[in-house]
Amino acid sequence: MKDDIEEFIEDMFKIKHHDRYEFKTLCGFTFVFKRTTFEVNEKVASEEISPAGIIYEENDEIYLAPLDETIKIEAIVKEFVDKCLE
């Protein structure tokens, strides 16, 4: 029942939710930020940027130290490989 109501509201107001990860390298560390965007009727309603983790290299290996337990590590790794390790 609850899911039906949420789906109806999302369809009625054309609510969309997008998560993207952005990377900024400083002093040998790559800082990961999660950008969350909500759109209502194809217009940006809100946007949030929050720190998600730190990527660093040690002994020729790359590590991710997450700062938030709710982040999707697989999504960060995929975007990092696509954007930063070309």
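Computed from a predicted model, the values in this text were never measured in an experiment.

Conventions we followed
- Residues numbered from 1 in each chain as written.
- Predicted model: local features only at pLDDT ≥ 70, side-chain atom pairs only at ≥ 80, totals over all residues.
- Heavy atoms only, no water.
- pLDDT = per-residue confidence, 0-100.
- Helix = DSSP H or I, 4+ residues; strand = E, 2+ residues; numbered from the N terminus.
- Pairing = 2+ DSSP bridges.

Draft legend 1. Focus on the confidence of the model for the protein chain. A residue-level look at the protein chain finds 97% of positions with pLDDT of 70 or above and a mean pLDDT of 87. Element-level pLDDT for the protein chain is lowest in helix 1 (residues 2-13), with a mean of 79, against a maximum mean of 92 in strand 2 (residues 29-40).

Draft legend 2. Inspection of the pairing of strand 2 at higher detail. Direction of pairing for strand 1 (residues 16-26) relative to strand 2: antiparallel, over a ladder of eleven bridges. Residue pairing for strand 2: tyrosine 21 is matched across the bridge by lysine 34. Taking the residues that link successive antiparallel strands as the turn, the strand 1-strand 2 hairpin has two residues, and the phi of cysteine 27 there is positive, at about 55°. Two elements, strand 2 and strand 3 (residues 43-58), share eleven bridges in a ladder whose sense is antiparallel. Within strand 3, the residue paired with threonine 30 across the bridge is isoleucine 55. Linking two consecutive strands that pair antiparallel, namely strand 2 and strand 3, is a turn of two residues; a positive phi of about 50° is found at asparagine 41 within it.

Draft legend 3. Focus on unusual backbone geometry. Phi is positive for lysine 14, which is not a glycine, with a value near 50°. By the element assignment, lysine 14 lies in the loop between helix 1 and strand 1. Phi at asparagine 41 takes a positive value of approximately 50°, unusual for a residue other than glycine. Looking at the secondary structure, you find asparagine 41 in the loop between strand 2 and strand 3.

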